[in-house]
Each structure stands twice: as C-alpha cells, then as structure tokens.
2 protein chains.
Amino acid sequence: MFESAEVGHKLKKTEFAKQEPVLRSALLDAQHALLAENKTPVIILVNGVDGAGKGETVNLFNAWMDPRYIHTFAFGPSTDVERQRPEMWRFWQALPPKGRIGIMFGSWYTDPILQRVMESETESELEKRLARIRDHERMLVAEGTLIVKLWFHLSKSAQQMRLKELSTKAKTAWRVTKDDWRHFKHYDEFVQVSQLALRETSTGEAPWHVIDGSNHAYRSFTAGSLLLDAITRRLKGERHVVTPPEPLPQPSLDHRTVLNTADYRRALTHSTYERRLAKLQGDLNLLTRHKKMRDRSLVIVFEGMDAAGKGSTIRRVTRAIDARYYRVIPIAAPTEEERAQPYLWRFWRHVPTHGHSAIFDRSWYGRVLVERVEKFASEPDWMRAYHEINEFEEQLADGGAIISKFWLAITQAEQIKRFKVRAKTPYKQFKITEEDWRNRKKWPAYERPVADMIDRTSSDIAPWNIVASNDKLWSRVEVLERLCERIESSL
Amino acid sequence: MFESAEVGHKLKKTEFAKQEPVLRSALLDAQHALLAENKTPVIILVNGVDGAGKGETVNLFNAWMDPRYIHTFAFGPSTDVERQRPEMWRFWQALPPKGRIGIMFGSWYTDPILQRVMESETESELEKRLARIRDHERMLVAEGTLIVKLWFHLSKSAQQMRLKELSTKAKTAWRVTKDDWRHFKHYDEFVQVSQLALRETSTGEAPWHVIDGSNHAYRSFTAGSLLLDAITRRLKGERHVVTPPEPLPQPSLDHRTVLNTADYRRALTHSTYERRLAKLQGDLNLLTRHKKMRDRSLVIVFEGMDAAGKGSTIRRVTRAIDARYYRVIPIAAPTEEERAQPYLWRFWRHVPTHGHSAIFDRSWYGRVLVERVEKFASEPDWMRAYHEINEFEEQLADGGAIISKFWLAITQAEQIKRFKVRAKTPYKQFKITEEDWRNRKKWPAYERPVADMIDRTSSDIAPWNIVASNDKLWSRVEVLERLCERIESSL
C-alpha cells in the first residue's frame, strides 16, 4: 500500500516554482466554478503519518484558493456535548454546504486507527468502525458530495528524521508534541493498521490517494493536482458510481399487509382511558427520571397519515415528561440551510444529549413515504434510504439512545370522518387545508411504501409499533404502554 | 417588591377547574395565531424562589399549548464550549425564531443573582451585569421579540414548608437537592439581591411579573393569564415602546472626514513590500501561537467599498495563520433561518472559541452601512445599532476576544480603475457584476454613514483602523502591522 510512497519522490524547486502559479490559478478557477454551480460539497480528508506535511498542505490549499469558501476543521478530543452523542455527530455538524470546500484534519479515520494502535480495541471492532465509515462515505457520495481522501506517508526513518529536524529548530519545535514521539514508537503497528484501514475503505466512490510526504515540492504539487483533477472531473459532470441499493421485495400475492390486517375495532371507554392514562403517564414520568437515563437519551418517532392523531398523542406523551428534558421536533419542508446538506443532516441537528428526549412529529421516514410517493426523491435515492436510515438509527443506539417508532394506523373512512369534523370545528379548522383533501386521494399510493418501510426498518434496536388508531383513546394508551415497555426493557 | 406576593393569594380548586379549559383554549388559539403571523418570537423567562412552582408552571404551559412550537431550555452550569465564549452566547443559541415560543428556565438572571448571593461578586459587578441584561432585552424587544418575565415568589416560611413537604414525599423527594437547602440558608440575601435585580430590570419594554407561588391554582391561573394577555396585546398590534436611540451628531461644517483627509498617496515598492510582508506574517504567526492565546480569541473585521481589496488583504492575513485555527466568514444576504432572528444572531453564531480566529469579510456593520443607505433597515433600527454593536463587541472582549477592525479606504477614482481592470481580466470577471457598477453611483451616499460608524463604534476595546488602500501593497503591510500591534498590546 505504501511502497510507492517510499521510493523518494522528488520535484525540483525550480520546476515547482514554474508549475505552482499555473496550478494555483486553475484551483482558484475550479473553486469559483464550484461556488457558481452551487451543487457539490467537497470534503477533503487529510490523514497520515505525523510530520508528513499534512498541516503545510492544508495551509497551502487555503493559500491557493479563496479561504472565504473553505472551512477547515481540526478534530481533537471530543468536547462534553460531543461525547453525549454518536461519534459521527461532530462530523455531521462540520459538513460543508453545497458549493463549499470542507477540509477535515483528523477525520473520522483518526480515532479508529489510534484506538487500535494505542488502546485495546480489537481488530473486529476496527473492522466494524471501518464498515460504518464506508457506509457513511457512500451515503455522502450518493447525496452528491465529492470526497477527496489524502494520506500523507513517510517511511520510518524519514519520520524520525523529520521529527528530529522539527524539534531542533526553535521556530518549529512547538510542532512536535510528546504524543508525536509516543506515536512514533508504534510506527510499525501504525503503518500496519493504517494499511488495513486504507484497504478496507479505498472504494470506487471514495478512493484513497497515498502521497509521499518527504519532499515539500513533490507532496504539495501532487496533492494540489489530485484535488484539481477531482474537482475538474466533477464539474464536467463525472459522478462516482455508487452500488445500486438492494431491490424491494415484491408485494405478497394476497395483498395482506400489516396495515390491512390490523384490528381497528379495539376501543376504550372514557373511564378506563382516564384511569390507564394517568397510571401510564406516572410510569413514564418515573422512567424518564430513572438514574440510568442520565447516560441514555430517548428518540421517539411518530408517523401516520394526516389526521391519524400524531399531535394529540404527542401531547399525552409530553405531559408525562418534565418540559426541561424533551424537545418536540415538527418536521416541515427543509430550510435553505438544510437543503444545502444531505437529507439526514436536518435530523442529526436534533440528536438529543444524554438525559434528554427528542420527539419527532414526522421524521426521516418522509424520504421513503412522501418523497417516494410524490417523486420528490428519485427511485435510487429513496431506495438507498432504507439502509442509510438503519445505519443512522444504529448509530443513535450506539450513542445511548433508546429508539421507539410509532405508526398510527387509521382507516380511510376514519380519516374522512376526522377531516369533516375538523372542517366544522372552529378551533380545528387551521388543521385542515385544501392540500389535505387532495392528499386523501393518494391513500392507495401510500399503502406499499408504508409496508416496505416497516418491513425494512423495523429492528431490535429501533422497532416499529403499528398502533391501530381509529379509536383515539385506545391508541394513546397503547402508545404510552409500548413506550414504557420499550424504555423499561432498554435500561 | 414582593410584599403583595406574600399576602396568601388563593384560587379555589373548583373555580380553577371551571376557568382552566377556557384559559387553555384561548392560549392555544393565541399560539396558533402567533405561528400563522410568523412575526414575533416570544421569550418567557422563568425565575424565582426554589419550590415556588416554576417547573410545574413550565410543564403546564407545555400541556396547555402545542409543545411542538415551544422550546424549553433549562440552563445549568456552562459546558466547555460555552465557557469559551461570552456569557450571553448560549442564550443567543437558544433564541426562538419568529412565531415560536421559547421558555428559558434558569435564564440570564440566575447567574448574576447567585454569584452575588453565594459567591464574592460585588454589588457594582452585579449592577454592571444587570445593565447588560437591560440592554440585551431592549435590543430583543426593538427587534420585535415579546418578552414575558415571570418571577415566582414564596415567603421564607412558605419556602421552608414547601421544601420539607417535597422532601418527605417519596415521589417528590428527588426534586429537593442539597443546593436548594444551601440556598435556603441564604433566603434573606437572596430576596434582597433579587429585589434589586427586579427593580433594575423591570422596564417598560420588559416588565417583571411577580407571582405568589404558594397556591397551585392561583399561581397557574395567574401565570397563564399574564401570558395570554401579553400575547393577545401583541397580536392586536400593541408594541412596547423602546426609548429612541441617541441622535447622530450633525456633520462638521467643513465636511472634512476621516476618509477625505486620509493620505492616499502612500505606497510601497515591490521589494520593500515582499520584505516587510514576510517579516510581518512571521510575527503574526508567532503571535497567534503565543501561549496566552490559549484563552483568548481573535475577531478581525474587514469593511470597505467594493474593490477596496478586502479579499486579497484577508488572504495575506490567513497565510500567516494555521488553517486549523481560523475561519473566514464572508457575509452575504442572511439565510431564512437567520432572517427569523435578531440581526446580530447570524454573527453570534460565528463567535470563535479560545485559540481560534474569526475573520469577517463584511460584518455586523452592514446594518449601519448598506442597510442604512439602501433603507433595508428603518432609521430607528439602524440608529440603535451603534449602541447594540458596541455592546456586542464589549461582550466579545469580556469573553476574551481581541478585536481589530479595518476600514480599507480607497478613492472613487481608484474604485473605477479597479472595476475596469476586473472587467478586462478573465479570472477576475466573476468579481464584477452589473450591481457593482450601479453601486458605484451611490458612493456619496456612503460618506456620512462611514464617518458616523467610525465615530460611534471605535473604542479602546474595538478600535477602527482606517487604512488608505489606493496602493494595495502599502495597505496590506499596514493592516498586518496594525494587527500585530493590536494583538501584542492585548496579550
């Protein structure tokens, strides 16, 4: 993997001096074209051996191009708010919007490699993290991001020389830390683990480029040319091909689904409802204040057709929880800043810290429901979403979240009944629009998407609950009961 | 101040049961009207004596209204990223957008009062913090926010009884912490300091409402009614009157200004430029890596007419700084999310953490420049901005920022010359638009706003540097030199 990067590549200073202005002006032009096009975010990952010129290269990129449209992030140890969220959260917060360049220094590769070399992480743990990274990068590329991954290499003797050289000069001594020497002692393991990491994550959609870091001119020119080439190809319309998602299973022959086989007749009397509601809200209150909740969080998703009772059910849930510790997130059309990012970005923003609950009134499942039905997303786009969503929820769970998802199921007849009531009741009129009446006709178009969604995204870590909700009272009690069970069994 | 809240107000349970549904439905209607209008953010501050029912009231507000459009924030001790920024930063991050309700539990009043009662803060320090709060609230109100400040009171004996009562019941014992009892020992000082705080901050635009917290029904109904009344009045178009800003001084009779008296002939030869630039960039690099910079940050502002050389000067600055530690923020039109907030919000977002630099290419001064000239902001709005900006910069400085502001001054003849060069040079054409040619005619309209801005916002903590920039080389060296001096004298 690193062999060709140890043969001592060189570029003459005079040659570099001649080539640099050309490269620089081409890069600046490419950057402006990216900005003008406003379609592609560019992520440059900068990793490799300490002392191999990573910092210098990043500074050069900033000097060559317009630094106003480059965001450079250096990721050190996590801050306290970062530690309370999934590992990838901080990288999501740092994603560049469309048209901009984001340089990630110490990227999502740093920690997996260091944990394996310096700490006790096993090879299979590393493999798992690399698989997650592959998924993450594939998703970014499928969303239109251009990822340029640069690995700066030095041979063992070259690294030692470089660290010594930096340490002895007064001007650069600060750049060599104790950690650098500590890491150097593990050079061989570091290279071995890095090779594995690069092999496992050098994919068609996001390949690694290994650069010999020993010669300033060679390294700089190579890195700049690689970047220029990648951006130029993208601007010409070349896209990395992402493996198409797994096809959907055909619907069953008898057309029986989880929805049309649900028992919609279940109902509660008002007195039973009041009694059970009070009991369950008390239980939920105690559960959310459980000691073990201090390093867990709660992510609750409500989906369902219009008028299924999402809002009123959410109110029964929130009344049981102290207002300081939950946030309800109503999902409407994405804002401008959200549209400049991958579709999951606007949900990552709301990932709760430990001890807190996030309650989603509609959610990321819009991708495989309304966006599929209305064709807002192309078929390959919503088809890959199942896997991406499962991956997202797995990361939430790994970060300590207890996930509970509810589909409030009503029949079409019940929906029409509720629309009519809304239209007649003054304080409910705001809840019904022309669009709702139009959407009503699309009922059949949602049947398969809902069934597909439940089949493909219900899992141990994030199970779907299908709650027949024609009777609101029964539905609310059922939701609270399942929610309490879910939390109890997860603590 | 608290006398009327100790007379033992009560509301019969039966009366409350009768009134509550009416109040609740009126509040829900008012909330929906706010949402539909989408103009006013509502902030509810919840403060007062421990055990006086603050938490219960917040939960009731969430139960009465639609929790999807209420954001409740509980502010505890600061997190590490918060501690590296001005005190008000975290409250800015929590501001509700237009149409939404934000409840702040443990608001900007909590720390000033506790520091005075429990720690060693002096009365004059408290007064200073209260003055800052007054300014902050006046700004929010002037920006269209409705602030409802609720203070929940209990007499000393009532608080003691309440804490005992909560401690003895198994279900509520968790709610009484050691801190509560520790605070209780200081009840008298707490009440005394709170009285001062309320007196100093109960203003026409954001008055305090003191509520007797001893009786659940009375307290809840009073708080709900106050909120309903405040929202209803606002929806009817009633606005709190904010003291008009101080008028601008008349321009001097002889029309001499800092701009037209600058010496635009100063210039450098290329060789002197190269030599001095290299020296100054080295100095700046060392300064940004100075040990003392670890708990300081750098905020650099560039303003100037079109083609004054802001971009190219910024590149000379950034080349001296490690890309990991600066961010250039180009200010363009505000995004949708930014437009839903007070105008300073989009700059608060970018306040750097310690050890980092934020370089603004145009800035909050747009309020008193382009927004004044183009009449995007009304006269009272841009006139109050001088004070608000000074206050903002003072907070930045208190939070550890070194602030340096540059006005790159060119003559009108020089601007036209540069426009023509841009129009002819292929890789500079993107920098010149029809609008630039149009704006050129507005040159005279900017003269007074620039002079006013410099007169009113140049201060010890955030001085303006007027740099005659007809000669780019001289200008860049001058900027770097003044920047280095500024940092050096501030460390």
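Note that the structure is predicted; figures quoted are calculated from it, not measured.

Draft legend 1. Quick look at the relation of the copies chain A and chain B. Between the two copies, chain A and chain B, the superposition gives an RMSD of 0.0 Å; the rotation angle is 180° and the shift along the axis is 0.1 Å. These values place the two chain copies in the arrangement generated by a two-fold rotation axis. The fraction of interface residues of chain A whose copies in chain B are also interface residues reaches 100%, indicating that both copies meet through the same surface.

Draft legend 2. Region of interest: unusual backbone geometry. For K375 of chain A, which is not a glycine, the phi torsion comes out positive at approximately 60°. Residue position: K375 of chain A is located in the loop between α15 (370-373) and α16 (379-398). The phi dihedral of A307 of chain B falls on the positive side, at around 70°, and the residue is not glycine. Tracing the backbone through its elements, the reader meets A307 of chain B in the loop between β6 (297-304) and α12 (310-318). Overall, the relative accessible area of 7% leaves A307 of chain B in the buried class.

Draft legend 3. Local environment of the packing of helix α6 (residues 123-142) of chain A against helix α9 (residues 187-201) of chain A. Residues and elements named next belong to chain A. Across the interface, α6 lies against α9 with an axial gap of 9 Å and an inter-helix angle of 35°. Seen from above, α6 lies across α9 with right-handed handedness. Residue-level inspection shows E123, L126, E127, L130, I133, R134 and E137 of α6 in contact with α9, the latter providing V193, L196, A197, E200 and T201. Classifying every residue of the contact of α6 with α9 gives six nonpolar, one polar and five charged.

Draft legend 4. Here's a closer look at the sheet that holds strand β2 (residues 70-74) of chain B. Residues and elements named next belong to chain B. Across the sheet, which stays open at both edges, the five strands sit in the order β2-β3-β1-β4-β5 with parallel pairing between neighbours. What marks the edges here is a single partner per strand, and that holds for β2 and β5 (208-212). Geometrically, the sheet is characterised by an average inter-axis angle of 20° between neighbouring strands, direction not taken into account. Of the strand pairs in this sheet, strand β4 (residues 146-153) and β5 are connected by five bridges, and their pairing is parallel. Across the sheet, the residue bridging to W151 is V210, located in β5. In this fold helix α2 (residues 54-64) packs onto β1 (42-48), β2, β3 (101-105) and β4, with an angle of close to 165° to the strand it touches most, β3. On the sheet, helix α9 (residues 187-201) packs against β1, β4 and β5 and is oriented at approximately 155° with respect to β4.

Draft legend 5. Structural context of the packing of aromatic side chains. The final tally for this structure, using the stated rule, is 42 aromatic pairs over all chains. Both rings, one in F73 of chain B and one in F75 of chain B, keep their centres 6.1 Å apart while their planes meet at 15°; by these two values the pair is stacked. Grouping residues by exposure puts F73 of chain B and F75 of chain B together as buried. Judged by centre distance (5.9 Å) and plane angle (90°), the ring pair of W181 of chain B and F184 of chain B falls under edge-to-face. Placement of both W181 of chain B and F184 of chain B in helix α8 (residues 178-185) is noted, with a separation of three residues, approximately one turn of the helix. For W181 of chain B, a relative accessible area of 31% gives the class partly exposed. When the ring centre of Y343 of chain A is taken as origin, the NZ or CZ atom of R367 of chain A, which lies over that ring, is 4.0 Å away. Directly above the ring of W89 of chain B sits R85 of chain B, whose terminal nitrogen or CZ lies 4.1 Å from the centroid.

Draft legend 6. Representation of the domain arrangement of chain A. Residues and elements named next belong to chain A. Domains assigned within chain A are domain 1 (3-235) and domain 2 (270-490). On a C-alpha basis, the centroid separation for the pair domain 1 and domain 2 is 39 Å. Of the residues lining the interface, 20 residues belong to domain 1; the matching set on domain 2 comes to 24 residues. When the two sides are added together, the surface that domain 1 and domain 2 hide from each other amounts to roughly 2,000 Å², 53% of it contributed by carbon and sulfur. Seen at the junction of domain 1 and domain 2, the total is six salt bridges. Across the pair R384 and E143 runs a salt bridge whose closest N-O atoms are separated by 3.0 Å. Taken together, domain 1 and domain 2 are joined by 15 residue pairs in polar contact (both at pLDDT 80 or more). Sorting the residues of the side of domain 1 that touches domain 2 by element identifies α4 (89-93) and α6 as the ones contributing at least two each. Top element by residues in the side of domain 1 that touches domain 2 is α6. It accounts for seven residues.

Rules used throughout
Residues numbered from 1 in each chain as written. Chains lettered and ligands numbered in written order. Predicted model: local features only at pLDDT ≥ 70, side-chain atom pairs only at ≥ 80, totals over all residues. Heavy atoms only, no water. Least-squares fit on C-alpha atoms with pLDDT ≥ 70 in both. Contact = heavy atoms within 4.5 Å. Helix = DSSP H or I, 4+ residues; strand = E, 2+ residues; numbered from the N terminus. Buried < 20%, exposed > 50% of the residue type's maximum accessible area, 1.4 Å probe, protein only. Axes fitted to C-alpha atoms, helices over the stretch in contact; angles between N-to-C directions. Left-handed = near helix turned anticlockwise from the far one by under 90°. Nonpolar A, V, L, I, M, F, W, Y, C, P; charged D, E, K, R; others polar. Pairing = 2+ DSSP bridges. Phe/Tyr/Trp six-rings, centres within 6.5 Å; stacked < 30°, edge-to-face > 60°. Lys NZ or Arg CZ within 6 Å of the ring centre and 35° of its normal. Domains from an automatic or database assignment. Buried area = accessible area lost by both parts, 1.4 Å probe. Salt bridge = Lys/Arg side-chain N within 4 Å of Asp/Glu carboxyl O. Polar contact = N/O pair within 3.5 Å; in protein donor to acceptor, adjacent residues only side chain to side chain.

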